[in-house]
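Letter by letter, the chains look like this.
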Amino acid sequence: MKDFSEIYVEYYPKLLRFAGDMIPCREDAENLLHDAFLDLWKINDRLHTICNINAYMFRLVRNRCLDYLKHKVYEKAYEGEAIVEYRARIESVESMGDEEFMANELGQLIRNAVENLPPRCREIFLLSRVEGLRHSEIAQRLELSENTVSVQLGIALKRLRAVTDRYMGK
């Protein structure tokens, strides 16, 4: 049975031609081949168990090439989707006026700030500002005191004000 270095010397040129037939970029083919030999090195102590090293090596490189090509197809599909999405975003931003852009940006900052409020504080804020409930209605619904509702709303408004002040440069 041959050792790793003998296999490398004998098979590298053959396998490079083989990989080069499947992979258009020579550098990528070489990298795949090096990865295949690295896989072989990892099982160096079990090389003697491989009955047909020729078939094993060609299958190893073939599988590496197939994985690479499948990944490239996935990348290209993703790039195509991303390009369409980013073009739409670019058109959307370009069509916005400065005021609309700032309003959208500020709105997103406020939504993020609301999402980052503590859960109970966020719940009270949303009941007050989105559902339009009075302090007494919120207190009754959540079984809290009106004072707790007022304090939690104060905390929420203070945090949101800090976000908007930073955005406005205050």
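You'll find the structure just up there.
Residues numbered from 1 in each chain as written. Predicted model: local features only at pLDDT ≥ 70, side-chain atom pairs only at ≥ 80, totals over all residues. Heavy atoms only, no water.

Caption draft 1: Structural view of the overall build of the chain. Along the chain, the regular secondary structure elements total seven helices and zero strands. Its helices and strands taken in sequence order, the chain reads α-α-α-α-α-α-α from the N to the C terminus. The burial tally for the chain puts 26% of its 170 residues in the buried class. When contacts within the chain are restricted to residue pairs at least 6 apart in sequence, long-range pairs at least 24 apart make up 60% of them. Entry remark: accessible area of the chain is about 12000 Å², with carbon and sulfur atoms responsible for 53%. (Helix = DSSP H or I, 4+ residues; strand = E, 2+ residues; numbered from the N terminus. Buried < 20%, exposed > 50% of the residue type's maximum accessible area, 1.4 Å probe, protein only. Contact = heavy atoms within 4.5 Å. Areas by Shrake-Rupley, 256 points an atom, 1.4 Å probe, with all protein chains shown as cover.)

Caption draft 2: Here's a closer look at the packing of helix 5 (residues 119-129) against helix 7 (residues 146-168). Taken N-terminus to C-terminus, the directions of helix 5 and helix 7 make an angle of 90 degrees; their axes are 9 Å apart at the nearest point. When the axis of helix 5 is compared with that of helix 7, the two are roughly perpendicular. In contact with R120, C121, I124, F125, S128 and R129 of helix 5, helix 7 contributes V149, Q152, L153, I155, A156, L157 and L160. (Axes fitted to C-alpha atoms, helices over the stretch in contact; angles between N-to-C directions. Parallel < 35°, antiparallel > 145°, perpendicular 65-115°, else oblique.)

Caption draft 3: Layout of unusual backbone geometry. Phi is positive for E143, close to 55 degrees, though the residue is something other than glycine. Within the secondary structure, E143 is located in the loop between helix 6 (135-142) and helix 7.

Caption draft 4: Examining the packing of helix 5 against helix 6 more closely. Contact geometry for helix 5 and helix 6: axes closest at 10 Å, N-to-C directions at 135 degrees. Here helix 5 lies oblique to helix 6, going by the angle between them. For the pair helix 5 and helix 6, the crossing hand works out as right-handed. Facing R120, E123, I124, L127 and S128 of helix 5, the residues of helix 6 in contact are I138, R141 and L142. Grouping the constituent residues of the contact of helix 5 with helix 6 by class yields four nonpolar, one polar and three charged. (Left-handed = near helix turned anticlockwise from the far one by under 90°. Nonpolar A, V, L, I, M, F, W, Y, C, P; charged D, E, K, R; others polar.)

Caption draft 5: Here's a closer look at the nonpolar core. In terms of nonpolar packing, the biggest core is built from 23 residues, with I7, F37, L40 and M57 touching the most fellow members. Contributing elements (two or more residues each) for this core: helix 1 (4-22), helix 2 (26-42) and helix 3 (53-95). Here the element with the most residues in this core is helix 1; it accounts for seven residues. Dropping the residues within four chain positions of it, M57 is found in contact with I7, L15, F37 and L40. Grouped together as the second largest cluster of nonpolar side chains are 16 residues, L117, A139, L153 and V163 included. (Core = buried A, V, L, I, M, F, W, Y, C linked by side-chain atoms within 4.5 Å.)

Caption draft 6: Summary view of the environment of R159. Along the chain, the position of R159 falls in helix 7. By relative accessible area, R159 is classed as partly exposed at 42%. Each C-alpha atom, one on R159 and one on N116, is 9.7 Å from the other, the two residues being 43 residues apart in sequence. Leaving out residues up to four positions away in the same chain, R159 has contacts with N116, L117 and P118.

Caption draft 7: Focus on the pattern of salt bridges. Enumeration over the complete set of coordinates arrives at eight salt bridges. K14 serves as the salt-bridge partner of E10, at 3.7 Å between the closest nitrogen and oxygen. Of this pair, E10 and K14 both sit in helix 1, four residues apart, roughly one helical turn. Between D39 and R64 there is a salt bridge, and its shortest N-O distance comes to 2.7 Å. You can see D39 sitting in helix 2 and its partner R64 sitting in helix 3, a full 25 residues away along the chain. Taken together, the salt bridges that share partners define one network made up of D35, D39 and R64. (Salt bridge = Lys/Arg side-chain N within 4 Å of Asp/Glu carboxyl O.)

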